[in-house]
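# Survey of secondary and tertiary structure
As a plain string of letters, each chain reads:
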Amino acid sequence: MNWEQLLSLKRFGDTQKRQRIAQDETRLGFDVDFDRIIFSSAFRSLQDKTQVIPLSETDFVHTRLTHSLEVSVVGRTLGRRVGKVLLERHPKLAELGYTFNDFGAIVAAASVTHDIGNPPFGHSGEKAIGEYFKTGNGAKYKDDLTEKEYQDLIDFEGNANGFKILTESREGISGGLRLSYATLGAFLKYPKESLPKKPTNHIVDKKYGFFQSEKESFLEVVEDLGMKQKSATEDISFYRHPLAYLVEAADDICYTIIDFEDGINLGLIEEEFALEYMIKLVKDTIDIKKYHSLKHKTDRISYLRALAIGVLINEAVDIFLNNEETILNGTFEKSLLDKCKYEAQINDIIKISVDKIYKSTEVIEKEIAGYRIIADLLDVFVTALNNKFDGKASNFDKLVLNLLPKEYQRETSNLYERILQICSYVSRMSDSYAIRMHKKLTGNIT
């Protein structure tokens, strides 16, 4: 892979290449990507989607929206730091007009979208959709779908749904948000289809990155970017766009450190206990006198969090630059933080977060409720839409469809596409909206 091609400014619908040197420096194409994402309805819904604690009644716990914004800030720094060195290594890029800010803008835009496809109720929302089609009422559709279409549903993936949201054409709107291919490439952490499932231990095979409905869009993006094909078989699988490693690192840094911070502030993790682990990350940069001068727990934890993020940014940048060649040729098989010298400390922090936060009673109780809510919503809307297509819609089905926005009722004879329309609708709901809609459909109107 080569950087000039990987930094493509092309968008869906473009008939010719966009030259970097011809860009308006006051509104660069990669900056336009970020702006379009921020103003999208899909991004706004993240303000009421679970990051750590579902439906938290406190005002400082992170939502998907605040988490995504923080990831984009870290991603922008990672991109700029890496871009500065890459321009020195590849002087032709500077001649073409590229700056280190371009790298930062691409990574920031891809980072701010990294959770845009996640359903309500956190990662349990993905599992709830998958289990509806694997073991719930949705299992009856298996025989009428291709193997890969069914795998898309039983392994419903927020990353693939995110690519759908960013690229899906609607009536009058071609190419979704029409982001640059460079940003879309950096967004694709898992540039493969749902089958075969985890064929290797390479990081790109951990999950999948597009539904069968977006296969042609995916191929157009990766081919324009010159991304390297991984599989020589008919199954679609590519190595990552290099900047996807930075997007992943930004997310890893934020959820490792900031979820931990939320747990401390919520009282789920004792400060003294947490300090023992955080100090291992920041021992070379902490000012002990300053730390002890801070009177409030939140201030002390914020100070440690900022230091820890800075340490891990430095690590991620160094690892990326030291492995540029293997990243470009696809042989770098792990995430950046899996290669860092603080891997053990990071794993310790994640383990504590799992035990003390993700498995807390408050989280588990609300995830259980989320399973039921999502399964019921899927059942009612999928049944109604299919009955309408088959000419068997009941009065209840017709009433239900009045609640379904028209863009999710596109006339199609393809069962897979009809089901995905409903999955897309449910996945874009916020946590609170899903609860309200479920109450309406189950007769609870109080």
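Each value, and the rule that gives it
- Residues numbered from 1 in each chain as written.
- Predicted model: local features only at pLDDT ≥ 70, side-chain atom pairs only at ≥ 80, totals over all residues.
- Heavy atoms only, no water.
- Salt bridge = Lys/Arg side-chain N within 4 Å of Asp/Glu carboxyl O.
- Helix = DSSP H or I, 4+ residues; strand = E, 2+ residues; numbered from the N terminus.
- Buried < 20%, exposed > 50% of the residue type's maximum accessible area, 1.4 Å probe, protein only.
- Axes fitted to C-alpha atoms, helices over the stretch in contact; angles between N-to-C directions.
- Parallel < 35°, antiparallel > 145°, perpendicular 65-115°, else oblique.
- Left-handed = near helix turned anticlockwise from the far one by under 90°.
- Contact = heavy atoms within 4.5 Å.
- Nonpolar A, V, L, I, M, F, W, Y, C, P; charged D, E, K, R; others polar.
- Core = buried A, V, L, I, M, F, W, Y, C linked by side-chain atoms within 4.5 Å.
- Phe/Tyr/Trp six-rings, centres within 6.5 Å; stacked < 30°, edge-to-face > 60°.
- Lys NZ or Arg CZ within 6 Å of the ring centre and 35° of its normal.

The protein appears in an unreviewed UniProt entry as Deoxyguanosinetriphosphate triphosphohydrolase from Polaribacter pectinis.

## Describing the pattern of salt bridges
Any two side chains of opposite charge can pair, on the condition that their charged atoms come close. One pass over the structure, following the stated rule, counts 26 salt bridges. Among the salt bridges present, the one from Glu193 reaches Lys148, with a minimum N-O distance of 2.9 Å. Separated by 45 residues along the polypeptide, Glu193 in the loop between helix H10 (181–187) and helix H11 (215–225) and Lys148 in helix H8 (residues 147–154) bring together distant segments of the chain. Here Asp155 makes a salt bridge to Lys197, at a shortest N to O gap of 3.0 Å. Of this pair, Asp155 sits in the loop between H8 and helix H9 (158–167) while Lys197 is found in the loop between H10 and H11, placing the two residues 42 residues apart along the sequence. When its relative accessible area of 47% is taken as the criterion, Lys197 is described as partly exposed. Within the structure, one salt-bridge network assembled from shared partners comprises Lys164, Glu168, Glu214, Arg410 and Arg428.

## Structural notes on the packing of helix H4 (residues 64–89) against helix H12 (residues 243–265)
Packed helix pairs are characterised by how far apart their axes lie and by the angle those axes make with each other. Contact geometry for H4 and H12: axes closest at 8 Å, N-to-C directions at 130°. On the basis of the axis angle, H4 is oblique to H12. At the point where H4 passes H12, the crossing takes the right-handed sense. Along the contact surface, H4 presents His67, Glu70, Val71, Val74, Gly75, Leu78, Gly79 and Val82, while H12 presents Leu246, Ala249, Ala250, Asp251, Ile253, Cys254, Tyr255 and Ile258. Of the residues contributing to the contact of H4 with H12, the split by class is eleven nonpolar, three polar and two charged.

## Things to note about the nonpolar core
Note that soluble globular proteins tend to have their nonpolar side chains buried in a common cluster. Grouped together as the largest cluster of nonpolar side chains are 94 residues, with contacts concentrated most on Trp3, Leu78, Phe218, Leu243, Phe320 and Leu336. Ranked by residues supplied to this core, first place goes to helix H15 (residues 297–322) with 14 residues. Among residues more than four places away in sequence, those in contact with Phe218 are Phe163, Leu188, Pro191, Lys192, Phe210, Ile236 and Phe238. The next biggest cluster of nonpolar side chains, apart from the first, holds 39 residues, and it includes Tyr132, Leu401, Leu404 and Ile419.

## Digging into the environment of Trp3
Among the secondary structure elements, Trp3 is positioned in helix H1 (residues 3–6). Residues Trp3 and Leu93, spaced 90 residues apart in sequence, show a C-alpha to C-alpha distance of 7.9 Å. Setting aside residues no more than four positions away along its own chain, Trp3 makes contact with Leu86, His90, Leu93, Phe103, Pro242, Leu243, Phe320, Glu324 and Leu328.

## Topic: unusual backbone geometry
Cis geometry marks the peptide bond from Leu195 to Pro196; its omega dihedral reads 0°. Looking at the element boundaries, Pro196 is found in the loop between H10 and H11. Even without being a glycine, Arg178 presents a positive backbone phi close to 50°. Of note, Arg178 is situated in the loop between H9 and H10. For Arg178, a relative accessible area of 23% translates into the label partly exposed.

## What about the packing of helix H6 (residues 100–112) against H12?
Direction vectors running N to C along H6 and H12 enclose 55°, while the axes themselves pass 9 Å from each other. Considering their axes alone, H6 and H12 lie oblique with respect to each other. The handedness of the crossing between H6 and H12 is right-handed. Contacts between H6 and H12 involve Phe103, Ile106, Val107, Ala110 and Ser111 on the former and, on the latter, Leu243, Leu246, Val247 and Ala250. Of the residues in the contact of H6 with H12, the class split is eight nonpolar, one polar and no charged.

## Points about the packing of aromatic side chains
Under the definition given, this model contains eleven aromatic pairs. Here the aromatic rings of Tyr132 and Phe133 are separated by 4.9 Å at their centres, their planes lie at 85°, and the arrangement is edge-to-face. Its relative accessible area of 0% is what places Phe133 among the buried residues. Seen from their ring centres, Phe210 and Phe218 are 4.1 Å apart, and the 20° between their planes marks the pair as stacked. On the basis of relative accessible area, Phe210 is assigned to the buried category, the value being 0%. Connected via pairs of aromatic rings, a cluster forms that spans Phe163, Phe210, Phe218 and Phe238. If you follow Arg240 out to its NZ or CZ, it ends over the ring of Tyr190, 5.6 Å from the centre. Lying across the ring of Phe389, Arg418 places its NZ or CZ 4.0 Å from the centre.

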